[in-house]
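Structural features, examined
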Amino acid sequence: MLAYRHAFHAGNHADVLKHLVLVQVLRHMALKDKPYRLVDTHAGGGGYALDSVQAQKKGEYLQGIARIWDAADTSVPEPVADYLDLVRAFNARLNTDPDTSPASLPLRHYPGSPAIAQALLRPMDQLRLFELHPTEHAILADHLGGARGVQIAQADGFESLKGQLPPPSRRGVVLMDPSYELVSDYGKVIDSLRDALRRFAEGVYVVWYPQVSRVEASQLPRRLQALAPKGWLHARISVQQPDAQGFGLIGSGMFIINPPYTLHAALAGCLPWLVDRLAQHPHASYLLDQHVV
């Protein structure tokens, strides 16, 4: 949707879950000495200034990354610490004071999925980024244009995915996180994944979805399960109360088709900690489920 700008939501609790999972998936992909391709169908701007007008309008990052930014005690789970190190490194790259260490920098910038992926990319790996919004595409190109192994296109990610699969190495990850502001996005996710799995059944498919008061959102995990006979993992956090009208982003979920075998244990060790830190009401919760063949 061309009206959607992720800058208004950067660093919120949904981004924390999404990027925590993405880091773990990409860490696992790098364990083999063989290249992989990551396709990000809805890449956004790649990085965001948290002091911008957009980010400050609702300050959603204050209920997300800001709540765990200063976590430094020994109770921080290793996957969370890994994710935080990447966010701090992104801040450090944009810092104008070279004498300040990354650990002591204030939280001023937040990396999008492309920046996190690019930081983990090895020289032999490939990153394919698609973003339809002209402003977001321009920002993305400014952030990552010309980087080794990275290709950026102003194009529809659902349609463009067809030309990216299977990758030459037969190893690949697809990250699919549309805005879902159009109800048709839910159907497009299913249709696009069904086609992708026909082309590349062994790929790892990572789908983010919002937990909102919409029937399509509540039905999406079950529809995704039907596409994944070889195995899936479903992680969800519910940390925010709806508004007075019953609307709002209560939480979000990550559904992974063909997940790394290490992912469930990694998330089991950190989702309780994460929900405890991000909870905005006493009944915040998480879900972690998987089906293994």
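Computed from a prediction, not measured in an experiment: that's the story for all the values here.

1. Here we look at the overall build of the protein
- Looking only at helices and strands, the protein has eleven helices and ten strands in total.
- With the principal axes as the frame, the protein shows a C-alpha extent of 50 × 45 × 40 Å.
- Burial status across the protein gives 53% buried among its 293 residues.
- Summarising the internal contacts of the protein: among those between residues at least 6 apart in sequence, 77% fall at separations of at least 24.
- Entry remark: accessible area of the protein is about 12,900 Å², with carbon and sulfur atoms responsible for 51%.
- The protein carries 28 positive and 28 negative side-chain charges, and their two centres are separated by 7 Å.

2. As for the side chain of N91
- One can find N91 in helix α4 (residues 78-93).
- By relative accessible area, which is 2% here, N91 ends up buried.
- In terms of polar contacts, N91 uses its side chain to reach the backbone amide nitrogen of R108, at 3.0 Å.
- Residues contacting N91, with those up to four places away along its chain left out, are W69, L105, P106, L107, R108 and H109.

3. What to know about the sheet that holds strand β1 (residues 37-40)
- Strand order in the open sheet formed by eight strands is β5-β4-β1-β6-β7-β9-β8-β10, with mixed pairing between adjacent strands. Strands at the two margins of the open sheet, each flanked by one partner only, are β5 (150-153) and β10 (285-292). Pairs of neighbouring strands in the sheet enclose a mean axial angle of 10°, with direction left out of account.
- Examined bridge by bridge, strand β6 (residues 172-176) and strand β7 (residues 204-211) share four bridges and lie parallel to one another. Within β7, the residue paired with V174 across the bridge is Y205.
- Sheet strands in contact with helix α5 (residues 113-120) are β1, β4 (126-130), β5 and β6, and its direction is about 170° off that of β4.
- Most of the contacts of helix α6 (residues 134-144) go to β5, to which it runs at about 165°, and overall it touches β4 and β5.

4. Brief notes about the pairing of strand β8 (residues 231-238)
- Most of β8 is tucked away: seven of the eight residues are buried.
- Pairing of β8 with β10 involves eight bridges; the strand directions are antiparallel. Residue pairing in the sheet places S238 in a bridge with S285 of β10.
- As defined by bridge partners, β8 adjoins strand β9 (residues 251-257) across seven bridges and the pair is classed as antiparallel. Within β9, the position partnered with H234 by the bridge is F255.

5. Let's talk about the pairing of β7
- Along β7, eight of the eight residues are buried, which leaves the element largely enclosed by surrounding structure.
- Of the pairings in the sheet, the one linking β7 to β9 comprises seven bridges and is antiparallel in character. Following the sheet pairing, Y205 is matched in β9 by I257.

6. Remarks on the pattern of salt bridges
- By the definition in use, this model includes ten salt bridges.
- D191 is paired through a salt bridge with R194; the nearest N and O atoms lie 3.2 Å apart. In this pair, D191 and R194 both sit in helix α8 (residues 184-199), three residues apart, roughly one turn of the helix.
- Overall, D191 belongs to the partly exposed group, its relative accessible area being 47%.
- Salt-bridge contacts for R198 lead to D195; the nearest nitrogen and oxygen are separated by 3.7 Å. Pair noted here: R198 and D195 are both in helix α8, with a separation of three residues, about one helical turn.
- In this structure R198 comes out as exposed when scored by relative accessible area, which is 62%.

7. What to know about the UniProt feature "active site" (unreviewed entry) in the protein
- Sites flagged by UniProt as "active site" (unreviewed entry) map to D177.
- Tracing the chain through its elements places D177 in the loop between β6 and α8.
- In this structure D177 touches K18, D40, T41, H42, S113 and W208, once residues within four positions along its chain are discounted.
- At 2.7 Å, the side chain of D177 forms a polar contact with the side chain of K18.

8. Some points on the side chain of R37
- Examined against the element boundaries, R37 turns out to sit in strand β1.
- One buried charged residue, R37, forms no salt bridge at all, with the nearest opposite charge on D125 at 9.9 Å.
- Within the local environment of R37, its side chain forms a polar contact with the side chain of Q126, the two groups lying 2.6 Å apart.
- Apart from the residues within four sequence positions on either side, R37 is in contact with Q126, R128, Q164, P167, P168, R171, G172 and V173.

The rules behind these values
Per chain, residue numbering runs from 1 following the sequence as it is written. With the structure being a predicted model, the display of local features is reserved for residues of pLDDT at least 70 and the display and counting of side-chain atom pairs for 80 or more, all residues being used for whole-chain, interface and lining totals. Just so you know, side-chain values use all the structure's heavy atoms and leave hydrogens and water out. Counting from the N terminus, the helices are DSSP H or I runs at least four residues long and the strands are E runs at least two residues long. Relative accessible area decides the class of each residue, using a 1.4 Å probe on protein chains only: under 20% of the type maximum gives buried, over 50% gives exposed, and in between gives partly exposed. Residues count as neighbours in contact if any of their non-hydrogen atoms are within 4.5 Å of one another. Residue exposure ignores everything except the shown protein chains as possible cover, and the areas themselves are Shrake-Rupley values with a 1.4 Å probe. Note on charges: Lys and Arg go in the positive column, Asp and Glu in the negative column, and His and the chain ends are not counted at all. All charge positions are set by atom: Lys at NZ, Arg at CZ, Asp at CG, Glu at CD. Under this definition, polar contacts are N or O atom pairs within 3.5 Å; protein pairs additionally need one hydrogen-donor-capable and one acceptor-capable atom, and for neighbouring residues in sequence, both atoms have to be side-chain atoms. Any two strands between which DSSP finds at least two bridges are classified as paired. Lines fitted to the C-alpha atoms define the axes, with helices restricted to the stretch that makes contact. Angles between their N-to-C directions range from 0 to 180 degrees. Should a side-chain nitrogen of Lys or Arg be within 4 Å of a carboxyl oxygen of Asp or Glu, the pair is scored as a salt bridge. UniProt positions are given in the numbering used here, feature names are shortened, and annotations may be inferred rather than shown by experiment.

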